[in-house]
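A structural walkthrough
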Amino acid sequence: MKESYIAAKERWAQKMAGKAKPTGRSADRLPPGQRQVHNFPVLDLGLQPDVSPDKWELKIGGKVENPVTLSWKEFLALPEFSDVSDFHCVTTWSQFDMEFAGVAFFTLADLVKPKPEATHVFFKSYDGYSTNNPLDVCMDDDVIIAHSWNGKPLTKEHGGLARVIIPKRYAWKGAKFIREITFMDRDILGFWEVRGYSNTADPWLEERFANPSSVPPGFGSETAVS
Ligand SMILES: Nc1nc2c(c(=O)[nH]1)N[C@H]1C(S)=C(S)[C@@H](COP(=O)(O)O)O[C@H]1N2
Ligand SMILES: [Mo]
């Protein structure tokens, strides 16, 4: 963990400083089975929680040295990070060049200091949603807890006040309406992962479902079956 942590930190610091080499975008940016859209569809559990800035909190804890609960003001006071990435939803739409601004996951990790046994991260949201990712996936230099999209505050339908963006995974791996980030010494499955979605969720490998030969019930609507 230690060495990959340092490598991730170096990559991220370069990006923060605007010194990173632009990542060569391949001519073929569309992962297999996806189609490009130019709108930004909304996918949620049929519930868009209303969290006002004075009530909003982001609790970060678990296997860390320094657990914190951030107020909206404290969150905004952290170093700002913005990045342009592509967005791939498992229901087959992709949108290119999404500009998100917020706080790098890396900054939050630096603040709470994951213990050596931390290997996974569990994300919980204000609408009851949850999702899980390996820590090294979260430490990539393009992972962001976003409060803005294309220069404007994130609207509620897209997960405001803040949402997680993990560009190299299908979009369900990024929790909208983020409320809690827990560093774990094991993996536990989130909302869609227990309902038959892939746990690894790599769009380039087309990892949509846990069982590649069957489509989970409720797929496509991505609304809660309660
Ligand atoms: N809290 C929360 N986060 C969520 C979801 C959700 O229902 N609740 N849906 C996920 C799915 S399946 C996708 S594709 C994206 C959709 O983001 P969008 O509605 O902004 O397009 O958010 C992900 N994060
Ligand atoms: Mo999705």
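All of the points below concern the structure found in this document. This is a predicted model, so every value here is computed, not measured.

The rules behind each value
- Throughout this description, residue numbers start from 1 for each chain and increase along the sequence as written.
- As a convention, the first chain written is A and the first ligand written is 1, with the rest following in written order.
- Per-residue local features of the predicted model are confined to residues with pLDDT of at least 70, and side-chain atom pairs are confined, for both listing and counting, to 80 or more; whole-chain, interface and lining totals are unaffected and use all residues.
- Note that the side-chain values use all heavy atoms of the structure and ignore hydrogens as well as water.
- Numbering of helices and strands runs from the N terminus, with a helix taken as a DSSP run of H or I at least four residues long and a strand as a DSSP run of E at least two residues long.
- To get the radius of gyration, use the C-alpha atoms; to get the globule rule, take the number of residues to the power 0.38 and multiply by 2.2 Å.
- Only the protein chains shown count as covering a residue, and every accessible area follows the Shrake-Rupley method with a 1.4 Å probe.
- Asp and Glu count as negative and Lys and Arg as positive, but His and the ends of the chain are not part of the count.
- For charged residues, the charge sits on one atom: NZ in Lys, CZ in Arg, CG in Asp, CD in Glu.
- Among buried residues, those of type Ala, Val, Leu, Ile, Met, Phe, Trp, Tyr and Cys that are joined through side-chain atoms within 4.5 Å constitute a nonpolar core.
- For every residue, the accessible area obtained with a 1.4 Å probe (protein chains only) is divided by the maximum for its type, and the residue is called buried under 20%, exposed over 50%, and partly exposed between those limits.
- Between two residues, a contact is recorded if the distance between any of their heavy atoms is within 4.5 Å.
- Under the rule applied, a polar contact is a pair of N or O atoms within 3.5 Å (in protein, one hydrogen donor and one hydrogen acceptor; residues adjacent in sequence only if both atoms are side-chain atoms).
- The criterion for strand pairing is that DSSP finds at least two bridges linking the strands in question.
- To obtain each axis, a line is fitted to C-alpha atoms, and for helices this fit is confined to the stretch in contact; angles are then taken between N-to-C directions over 0 to 180 degrees.
- Between rings of Phe, Tyr and Trp, where Trp is taken as its six-membered ring, a pair exists when centres lie within 6.5 Å; planes separated by under 30 degrees are stacked, by over 60 edge-to-face, and by other angles tilted.

Within the protein chain one finds four helices and eleven strands. Against the 2.2 N^0.38 benchmark of 17 Å for 226 residues, the protein chain shows a C-alpha radius of gyration of 17 Å, consistent with a compact globule. When its C-alpha atoms are laid out on the principal axes, the protein chain stretches across 40 × 40 × 35 Å. When the accessible surface of the protein chain is totalled, it reaches about 11100 Å², and 53% of it is carbon and sulfur. Here the protein chain holds 27 positive side-chain charges and 30 negative ones, and the gap between their average locations is 2 Å.

Here we come to the nonpolar core. Counting residues in hydrophobic clusters, the biggest one holds 59 residues, and the most contacted among them are F75, F105, I181 and F183. When sequence neighbours within four positions are dropped, the list of residues in contact with F105 reads V121, F123, L135, C138, M139, V143, I144, I145, I181 and F183.

Glancing now at the side chain of E193. By the secondary structure assignment, E193 is in the segment after β11 (178-184). Overall, E193 belongs to the buried group, its relative accessible area being 5%. Looking at E193, its side chain comes within polar contact range of the side chain of K173, at 2.8 Å. When neighbours within four sequence positions are excluded, E193 is seen to be in contact with S130, T131, N132, W172, K173, S198 and N199.

Turning our attention to the sheet that holds strand β2 (residues 57-62). Read from one edge to the other, the open sheet built from five strands follows the order β3-β2-β11-β6-β7, with strand pairing classed as mixed. The sheet is open, and its two edges are formed by β3 (68-71) and β7 (130-134), each paired on a single side. Here the strands of the sheet are splayed against their neighbours by 15° on average, with no regard to which way each runs. Relative to β3, β2 runs antiparallel, the two sharing four bridges. Among the inter-strand pairings, E57 is bridged to a residue of β3, identified as S71.

Before going further, it helps to spend a moment on the packing of aromatic side chains. Both the distance between ring centres and the angle between the ring planes are used here to describe each pair of aromatic rings. Here the structure, examined in full by the defined rule, presents 15 aromatic pairs. Both rings, one in W56 and one in F75, keep their centres 5.2 Å apart while their planes meet at 50°; by these two values the pair is tilted. Placement of W56 in the loop between β1 (35-36) and β2 and of F75 in helix α2 (residues 72-76) is noted, with a sequence separation of 19 residues between them. Here W56 falls in the buried class, since its relative accessible area comes to 2%. Where F191 meets W192, the ring centres are 5.1 Å apart and the plane angle is 85°; that geometry is what we call edge-to-face.

Geometric values such as these leave the question of function open.
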